[in-house]
Amino acid sequence: MSHEPEVAGAVYLAGILDAAQRERFEEHLLACEACWGEVRTAHRGRALAESLREVAPQPLRERVRASVAAASRSERRRRRRPLVAVALAVTILALVAGGLLVRQAGQGQPPVIAAAVASYRTGQLDGSAAATAQPPVRQAGDLVWQGARQGRLAGLPVVAHEYRDAAGAKVTLLRADRSFPEAVGANHPPRTAIWVADVDGVGVLCADRPSPSLVVAPDPAGALRAASELGLH
Amino acid sequence: MATDDEFLQVTLPALDLVHNLARRFARGHADAEDLVQDTYLRAWQAWTAGNRPRRAEPWLATICLNLGRDQRRRASLRPEVTVEPENEPAADVDVEAAAIGRVERAQVEQALWALSEEQRIAITLMDIVGFTAAEVAGITGSPRGTVLARVHRGRKALARLVAKEAMRREP
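What you see is a predicted model, and the numbers here were worked out from it, not measured in a lab. (Residues numbered from 1 in each chain as written. Chains lettered and ligands numbered in written order. Predicted model: local features only at pLDDT ≥ 70, side-chain atom pairs only at ≥ 80, totals over all residues. Heavy atoms only, no water.)

### A few points about the nonpolar core
A general feature of soluble globular proteins is that nonpolar side chains tend to end up buried together. By size, the foremost hydrophobic cluster in this structure holds 43 residues, and its most contacted members are V64 of chain A together with F7, V36, Y40, L60, L125 and F131 of chain B. Among the elements of the structure, α4 (58–97) of chain A together with α1 (3–11), α2 (15–23), α3 (29–48), α4 (56–75), α7 (117–128), α8 (133–140) and α9 (144–169) of chain B are those that each provide at least two residues to this core. Ranked by the residues each element gives to this core, the list is headed by α4 of chain B, at 8 residues. Each of domain 1 (1–86) and domain 2 (95–171) of chain B gives at least three residues to this core. In this structure L60 of chain B touches T11, A14, V18, T39, Y40 and A43 of chain B, once residues within four positions along its chain are discounted. (Core = buried A, V, L, I, M, F, W, Y, C linked by side-chain atoms within 4.5 Å. Buried < 20%, exposed > 50% of the residue type's maximum accessible area, 1.4 Å probe, protein only. Helix = DSSP H or I, 4+ residues; strand = E, 2+ residues; numbered from the N terminus. Domains from an automatic or database assignment. Contact = heavy atoms within 4.5 Å.)

Structure below.
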């Protein structure tokens, strides 16, 4: 074994000597003051360093969890955007091909859908009262929540959340306890469980998750964008 | 299970490790916690790109080390003070031991910051965090012999600095 106290001490403390080498060095330590001092001092330094070990504070744990969850949500939205764009293009093509961009008469629609479109246009809701309901999302993309009312659409109890986009266009999110009936002429974008329709020049979209919802927007493209931003699917 | 849940299940057990390492890069608690968060976000990005480490601990330590070094370079922090134990006069080891026994944690922390960054990081990775010399070599990209020399000299310097300060404070 080399007798350079620093090297010998470092190798010994690193625990990389085999049993026989360790035993020989330990015998040597009893006789060599230089090596003994080397090992004692470094051993003490190691104990001091070990005493600095800390447990991460709980708020930091929560902060890490929250930031990863937020990054994950943002990643999911980013991935969904191309899908929504494809769905939007397919839907608009289907609407054009079907001649459905010619306005459909609201009267041909199920009463709940016709009432939703009428309510969107007039701003009136049957049995309307200010709702205490919290918005599902207060701000999403360029949509900002304005307020909520509760009332009925052709007898179906709903809560209507009103949003405005950056350009001031109105988007209404209607939530009910049960599914909305499907609009006549509705299209089902591929790989989604939603339907979207142009009803009398207004965009109407229905999604059942996370809860039965109807989005009414100035046009079908606006309804698709709003549904994506509100996390409906 | 959602991907972020799976990621956190694999990586959160190493939070103490990342926290201890970040604390030796950033002196303030707030800066250290920012570095911890940045480390996890960077790891999450790699995870979503399909990176699945064999072991989370050295993976996170490497990310934290690289981010910490980048941040220090950008911040052009104070010049490092290197203490070489060879140049320190050897004191009586028993007197040192007695003084060290009465030392406070803050003094140890301060002494650790008086070492060179390389020694401080090597000591943190081996003695505070618990990696082997071979693992530290992998994380820092230095040969194992170099790691051992840094750790050994750093430990001696730490013991002597703390002892010196403790003896200075005693009446």
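### Description of the confidence of the model for chain A
In this model, chain A carries a mean pLDDT of 84, and residues with pLDDT of at least 70 account for 89%. Long-range and interchain partners of residues 101–105 of chain A, a stretch whose pLDDT sits below 50, account for 12 contacts in this model, where long-range means more than four residues apart. (pLDDT = per-residue confidence, 0-100.)

### Things to note about unusual backbone geometry
Residue and element names in this part refer to chain A. In this model, R209 is joined to P210 through a cis peptide bond whose omega is 5 degrees. Mapped onto the elements, P210 comes out in the loop between β7 (202–207) and β8 (213–217). With phi around 50 degrees, A154 is a residue other than glycine that occupies positive phi space. As for its position among the elements, A154 is in the loop between β3 (143–153) and β4 (156–164).

### As for the pairing of β8 of chain A
Residues and elements named next belong to chain A. Where burial is concerned, most of β8 is hidden: 5 out of the 5 residues are buried. Alternating positions in β8 separate into two faces, S213, V215 and A217 on one and L214 and V216 on the other, with burial throughout. As paired elements, strand β5 (residues 170–176) and β8 share 4 bridges and run antiparallel to each other. Bridging from a neighbouring strand, L173 pairs with V215 of β8. Where β7 and β8 come together, 5 bridges link them in antiparallel fashion. Each residue of the ladder has a partner; that of A207, found in β8, is S213. Joining the antiparallel neighbours β7 and β8 is a turn of 5 residues. (Pairing = 2+ DSSP bridges.)

### Focus on the pattern of salt bridges
Residue and element names in this part refer to chain B. All chains considered together, the criterion is met by 17 salt bridges over all chains. Among the salt bridges present, the one from R120 reaches E117, with a minimum N-O distance of 4.0 Å. Taken as a pair, R120 and E117 lie in helix α7 at a separation of 3 residues, close to a single helical turn. (Salt bridge = Lys/Arg side-chain N within 4 Å of Asp/Glu carboxyl O.)

### Some thoughts on the packing of aromatic side chains
According to the stated counting rule, one finds 4 aromatic pairs over all chains in the structure shown. Both rings, one in F7 of chain B and one in Y40 of chain B, keep their centres 6.5 Å apart while their planes meet at 80 degrees; by these two values the pair is edge-to-face. In this pair, F7 of chain B sits in helix α1 while Y40 of chain B sits in helix α3, placing the two residues 33 residues apart along the sequence. With respect to burial, F7 of chain B and Y40 of chain B carry one shared label: buried. A ring pair is formed by F7 of chain B and W47 of chain B, whose centres lie 5.4 Å apart and whose planes are at 70 degrees; its orientation type is edge-to-face. Linking F7 of chain B in helix α1 with W47 of chain B in helix α3, this pair joins segments that are 40 residues apart in sequence. We note that F7 of chain B, like W47 of chain B, is buried. Members of the aromatic cluster, each reached through a chain of ring pairs, are F7, Y40, W44 and W47 of chain B. It is K170 of chain A that lies over the ring of Y120 of chain A; its NZ or CZ is 4.9 Å from the centre. The ring of W113 of chain B has R120 of chain B sitting right over it, with the charged end atom 4.1 Å from the ring centre. (Phe/Tyr/Trp six-rings, centres within 6.5 Å; stacked < 30°, edge-to-face > 60°. Lys NZ or Arg CZ within 6 Å of the ring centre and 35° of its normal.)

### Focus on the side chain of Q107 of chain B
All names here are of chain B. Mapped onto the fold, Q107 is located in helix α6 (residues 105–114). In this structure Q107 comes out as buried when scored by relative accessible area, which is 8%. Setting aside anything within four residues of it in sequence, one finds Q107 in contact with V162, E165, A166 and R169.

### As for helix α2 (residues 19–31) of chain A
The terminal C-alpha atoms of α2 of chain A lie 19 Å apart, and with 13 residues this matches the ideal 18 Å at 1.5 Å per residue to within 8%. Structurally, the start of α2 of chain A carries an N-cap: the backbone nitrogen of A20 of chain A is 3.2 Å from a side-chain oxygen of D18 of chain A. (Expected span 1.5 Å × (residues − 1). Polar contact = N/O pair within 3.5 Å; in protein donor to acceptor, adjacent residues only side chain to side chain.)

### Let's talk about the environment of A131 of chain A
As for its position among the elements, A131 of chain A is in the loop between β1 (126–130) and β2 (139–140). Sequence spacing of A131 of chain A and A148 of chain A is 17 residues, and the spatial spacing of their C-alpha atoms is 5.4 Å.

### A short note on the packing of α7 of chain B against α9 of chain B
Residue and element names in this part refer to chain B. Two numbers describe how α7 lies on α9: the axes approach to 8 Å, and their chain directions differ by 95 degrees. Taken together, the axis directions place α7 and α9 in an arrangement best described as roughly perpendicular. Contacts between α7 and α9 involve E118, Q119, A122, I123, M126 and D127 from the former and V147, R150, V151, R153, G154 and R155 from the latter. (Axes fitted to C-alpha atoms, helices over the stretch in contact; angles between N-to-C directions. Parallel < 35°, antiparallel > 145°, perpendicular 65-115°, else oblique.)

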